[in-house]
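Structure assessment
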Amino acid sequence: MISQKMEGFLQNNSAIRAMFEEGKKMAALYGAENVYDFSLGNPNVPAPEAVNQAIKDILDTEDSLLVHGYMSNTGYEDVRQMIAESLNKRFQTNFQAQNLIMTVGAAGGLNVVFKTLLNPGDEVIAFSPYFLEYNAYVTNYDGILVEVPCDTPEFLPSAEKLSKAITKKTKAVIINNPNNPTGVVYPVEVIKKIAEVLESKEKEFGTDIYLVSDEPYRELVYDNAEVPYLTNYYKNTIVGYSFSKSLSLPGERIGYLVIPSEISDFERVYGAAAIATRILGYVNAPSLMQRAVAKAIDEQTDIFYYDRNRKTLYHMLTGLGFECVKPEGAFYLWMKTPTKQENEFCEMAKKLHLILVPGSSFQCPGYVRIAYCVSYETILRSQKAWETLAENCQKIR
Ligand code: PLP
């Protein structure tokens with residue numbers, strides 16, 4: 001018999017993954033070029049050549065026992081120091097190696113954070129729509145995820161609603177900027193308001209409330225949108241970063257946490273996070289990848305391709321009368337469903353070989369997420385299907 005917790009997960013297995021599997025089946029049936037799979041946030045721009053070269057150089061020149069060996073649970077010290085210095089240059093921060101922990105992607109980092117912070121019944125606030133895995137990451141440690149809906153139509157977090165949702169039990173608030181699934185970038189004014197609320201609630205309740213910044217899409221921004229570095233705005237911030245999207249390395253499982261010295265109970269939080277990394281079974285982040293990302297620290301994916309997809313798709317869909325949030329970051333387009341039932345809309349789309357993810361997968365029905373990290377040709381080829389979908393929606397309205 002499996003555990004009750006897993007029973008729940010078995011029944012509600014990720015709709016995103018389900019759509020992805022469906023897309024693969026359809027591609028086998030109709031030919032990949034005739035299926036427009038916008039389901040998964042899997043980068044389609046290859047990793048920069050410098051990353052591949054770094055891996056080859058490491059294997060050719062570095063000590064094999066060092067490259068493949070165990071290390072401190074927090075990761076190689078020289079790697080952490082290089083990343084800290086790069087962050088300091090970019091965001092005027094003051095981190096050292098001992099503020100960083102290398103992680104198994106953002107997912108691994110968030111699990112380490114919640115394992116470190118949560119007692120059973122502690123609350124973690126997330127702004128909906130949000131990446132649904134947060135639910136699992138919080139309940140893994142018997143925490144409770146509390147949803148606070150974003151203000152529409154901009155899909156920005158509301159400081160007022162946040163203020164009302166915070167209780168004595170609130171241990172953390174998670175922010176994902178740039179946002180999956182909306183593609184919205186939260187500007188500095190919004191961050192400042194959130195910081196004010198958190199500071200005043202910490203005083204009111206005499207508690208520590210940690211702001212967890214989940215930022216796998218930090219570098220994926222368009223039109224010069226600025227993504228504030230949250231440690232500069234709120235003392236009790238922990239940053240979870242990932243190279244999955246910025247360097248197109250999602251399968252390599254590499255990222256890091258930044259735990260600033262200024263946060264409450266820093267030494268014990270950092271020490272506990274290092275132990276959490278070990279006892280969750282990660283032991284340490286993948287060693288070769290740690291060394292590779294440090295060598296390629298100044299590299300970034302070429303966002304030209306995502307930007308071209310973004311502009312083309314946004315123009316195409318709004319031109320057909322669909323209501324979309326203009327994405328400023330990540331590689332997702334968030335669209336209102338013209339029919340009342342989003343599942344009905346997704347089914348209509350699927351019949352035209354358009355694979356979309358329903359908004360309920362992000363706790364926000366009435367919308368769909370379109371992941372445009374696909375080839376430009378896929379976007380162009382999908383036009384006819386979108387046109388037919390728009391016509392079909394007109395007919396049933
Ligand atoms: N957080 C958000 C908002 C994501 O979209 C994802 C992946 O899509 C993750 C975390 C997990 O990222 P990683 O592959 O680095 O674990």
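For the structure itself, consult the block above.
This report concerns the structure included in the present document. Small disclaimer: the values here were computed from a predicted structure and weren't measured.

With that settled, consider the overall build of the protein. When helices and strands are counted, the protein shows 15 helices and 13 strands. Dimensions of the protein, computed from the C-alpha atoms along their principal axes, are close to 60 × 55 × 50 Å. Taken over 397 residues, the protein has a buried fraction of 55%. Of all intrachain contacts in the protein linking residues separated by at least 6 positions in sequence, the fraction that spans at least 24 positions is 73%. Only carbon and sulfur atoms are counted for the fraction: they give 51% of the accessible area of the protein, which is about 17700 Å².

Here we take up unusual backbone geometry. In this model, threonine 152 is joined to proline 153 through a cis peptide bond whose omega is 5°. Relative to the elements of secondary structure, proline 153 occurs in the loop between strand S4 (144–149) and helix H8 (159–165). In this structure, the amide linkage connecting asparagine 177 to the following residue, proline 178, adopts the cis form with an omega of -10°. By the secondary structure assignment, proline 178 is in the loop between strand S5 (170–176) and helix H9 (188–205). With a phi angle near 55°, glutamine 92 is a residue other than glycine that sits in the positive phi range.

This brings us to the site of the ligand. Residues in contact with the ligand amount to 14 residues; listed here are only the nearest, Asn180, Asp214, Tyr217, Ser242 and Arg253. Arginine 253 has a polar side-chain atom sitting 2.7 Å from an oxygen atom of the ligand. In isolation the ligand has 400 Å² of accessible area, and contact with the protein removes 91% of it. Counting residues per element, the shell around the ligand draws most heavily on helix H6 (residues 105–117), which supplies 3 residues.

Analysis parameters
Residues numbered from 1 in each chain as written. Predicted model: local features only at pLDDT ≥ 70, side-chain atom pairs only at ≥ 80, totals over all residues. Heavy atoms only, no water. Helix = DSSP H or I, 4+ residues; strand = E, 2+ residues; numbered from the N terminus. Buried < 20%, exposed > 50% of the residue type's maximum accessible area, 1.4 Å probe, protein only. Contact = heavy atoms within 4.5 Å. Areas by Shrake-Rupley, 256 points an atom, 1.4 Å probe, with all protein chains shown as cover. Near = heavy atom within 4 Å. Polar contact = N/O pair within 3.5 Å; in protein donor to acceptor, adjacent residues only side chain to side chain.

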